[in-house]
Amino acid sequence: MTIEKVQIVEKIFEANDQVAAQTQSLLSKNSVFSINIMASPGAGKTSVILKTIEKLSDKVRIAVIEGDTAPVTIDSDKVIAMGMPAVQINTGGQCHLDAVMIDRALKHLDLKNLDLIIVENVGNLICPASFKIGTHANVVISSIPEGDDKPYKYTNIYRGIDVLLINKIDLMPYIDFRMDYYQQGVEILNPGLTTFQVSCKTEEGFDNWISWLSTQVTEFKNRS
Amino acid sequence: MHELAVTESILRIAEKHAIQEEAKKVTDLYLVIGNLSSIVDDSVVFYWEMLAQGTICEGSTIHFKRLPAKMLCLTCENIFELSGELIPCPNCSSFQLKIQSGEEFWLESIEIER
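Overview of the structure.

Conventions and cut-offs
Residues numbered from 1 in each chain as written. Chains lettered and ligands numbered in written order. Predicted model: local features only at pLDDT ≥ 70, side-chain atom pairs only at ≥ 80, totals over all residues. Helix = DSSP H or I, 4+ residues; strand = E, 2+ residues; numbered from the N terminus. Rg over C-alpha atoms; globule rule 2.2 N^0.38 Å. Contact = placed C-beta atoms within 7 Å. Nonpolar A, V, L, I, M, F, W, Y, C, P; charged D, E, K, R; others polar. Pairing = 2+ DSSP bridges. Axes fitted to C-alpha atoms, helices over the stretch in contact; angles between N-to-C directions. Buried ≥ 20, exposed ≤ 12 C-beta atoms within 10 Å, placed from the backbone. Expected span 1.5 Å × (residues − 1). Arc of directions from axis to C-beta.

### Remarks on the overall build of chain B
When you go through chain B residue by residue, the secondary structure sums to two helices and six strands. Reading the secondary structure of chain B in the N-to-C direction produces α-β-α-β-β-β-β-β. In summary, chain B has a C-alpha radius of gyration of 18 Å against a globular reference of 13 Å for 114 residues, an excess of more than 25%. The principal-axis extent of the C-alpha atoms belonging to chain B is close to 55 × 25 × 15 Å. Pairs at least 24 residues apart make up 73% of the contacts formed inside chain B by residues separated by at least 6 positions.

### A look at the interface of chain B and chain A
Taken together, the contact between chain B and chain A spans 27 residues of the former and 28 residues of the latter. With nine residues, the top contributor of residues to the side of chain B that touches chain A is strand β6 (residues 105–113) of chain B. For the side of chain B that touches chain A, the residue count by class is 14 nonpolar, six polar and seven charged. One ladder, built from seven bridges, connects strand β1 (residues 3–11) of chain A with β6 of chain B; its direction is antiparallel. In the strand pairing of β6 of chain B, Glu10 of chain A is matched with Leu107 of chain B.

### Notes on the sheet that holds strand β3 (residues 69–73) of chain B
Residues and elements named next belong to chain B. Reading across from one edge, β4-β3-β5 is the order of the three strands in this open sheet, with antiparallel pairing throughout. Looking at the sheet topology across the chains shown, the edges are occupied by β4 (79–82) and β5 (97–101). Between one strand and the next, the sheet's axes are offset by a mean angle of 35°, whatever the strand orientation. The sheet contact formed by β3 and β5 spans four bridges and is antiparallel. Looking across to β5, one finds that Cys73 is bridged to Leu97.

### A few points about the environment of Glu4 of chain A
All names here are of chain A. One can find Glu4 in strand β1. Assessed through the 12 C-beta atoms surrounding it within 10 Å, Glu4 is described here as exposed. For the pair Glu4 and Leu116, spaced 112 residues apart in sequence, the C-alpha to C-alpha distance is 51 Å.

### Digging into unusual backbone geometry
Residues and elements named next belong to chain A. The phi dihedral of Val9 is positive, around 50°, even though this residue is not glycine. Relative to the helices and strands, Val9 resides in strand β1. Judged by C-beta crowding, with 9 C-beta atoms within 10 Å, Val9 ranks as exposed. Look at Ser31: it is not a glycine, yet its phi comes out positive at around 55°. Residue placement: Ser31 occurs in the loop between α1 (14–29) and β2 (33–39). Classification of Ser31 as partly exposed rests on a count of 16 C-beta atoms within 10 Å.

### Examining α1 of chain A
Residue and element names in this part refer to chain A. Taking 1.5 Å per residue as the helical rise, α1 with its 16 residues ought to reach 22 Å, and the 23 Å between its terminal C-alpha atoms agrees with that figure. Taken together, the buried positions of α1 are occupied by Asn16, Ala20, Thr23 and Leu27. Each buried residue of α1 lies within a common arc of 60° when the element is viewed along its axis, so the set occupies one face. Turned more than 90 degrees away from the buried face of α1 sit Gln18, Gln22, Ser25 and Lys29, all of them exposed. Buried residues along α1 sit against β2, α4 (99–106) and β5 (116–120).

Everything listed here is a matter of geometry and, on its own, says nothing about what the molecule does.
Spelled out as structure tokens, the structure:
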């Protein structure tokens, strides 16, 4: 019996990346812009999504894909209550959404009648960073109470994202959050990253985010 | 935390190549992982023993080749390795840094019996 070495050099995430690329071209073909929202639990993903729907839904047709590790519908119920289509994905304990889950979820949405799909990833700063899901933009929501050291400890999540929202900015007077220190960490990982400081509660800075997103959706429609 | 999904992916890649090569058995796998990739070796091994059962990879050993996380200081051009969280340049304390390597993650090769 001989043992033989076989050279491979294949990326572990290759299969997932391929499905993600197919998803992106399907969405592009239908002129639907899509964003993937990643954050730790409690950073305000759902609040940002609901506020975004409130501000944009009169001119943009939005659907939401909600990822959770358990069979809960709390978040998707809130979206549906606002009159928007929502698909709930239960990952069955998995700590992230992957491209195949999104591919399946899209079958429940009428892409021809949508302008924007917002995906709310599982609340986690580690795993979602590794799994592309095919969206046109990746967004991280950070929040003041999480502390200013997060870019230094969870480096991967800040790599390869397109927008950063720093949420709960209204809590700055009460929490020792060094904004300079935080932003210095982000700058190393993702130089020049588009960043918005926002509060869902007071709406401070929120219009800047809405204006950015609205421009992306419009430009995307015009391009395709 | 995502090692189960990652290990399933390793198995799929190894099986695909083993079948292409008409192997009877896979004995060893060589993974390359940059130190900035959030992968815990022990968890991969733990899942591997479960997932490989009953496959062409049953009983095989995974070898981990770890590549350092290298940072380039844009201020003094010093190159240094990170061992944990992000730190300033140990030479000049600058935070003007660029990641040079450490995000690799692939299956480099397998050893098979024909």
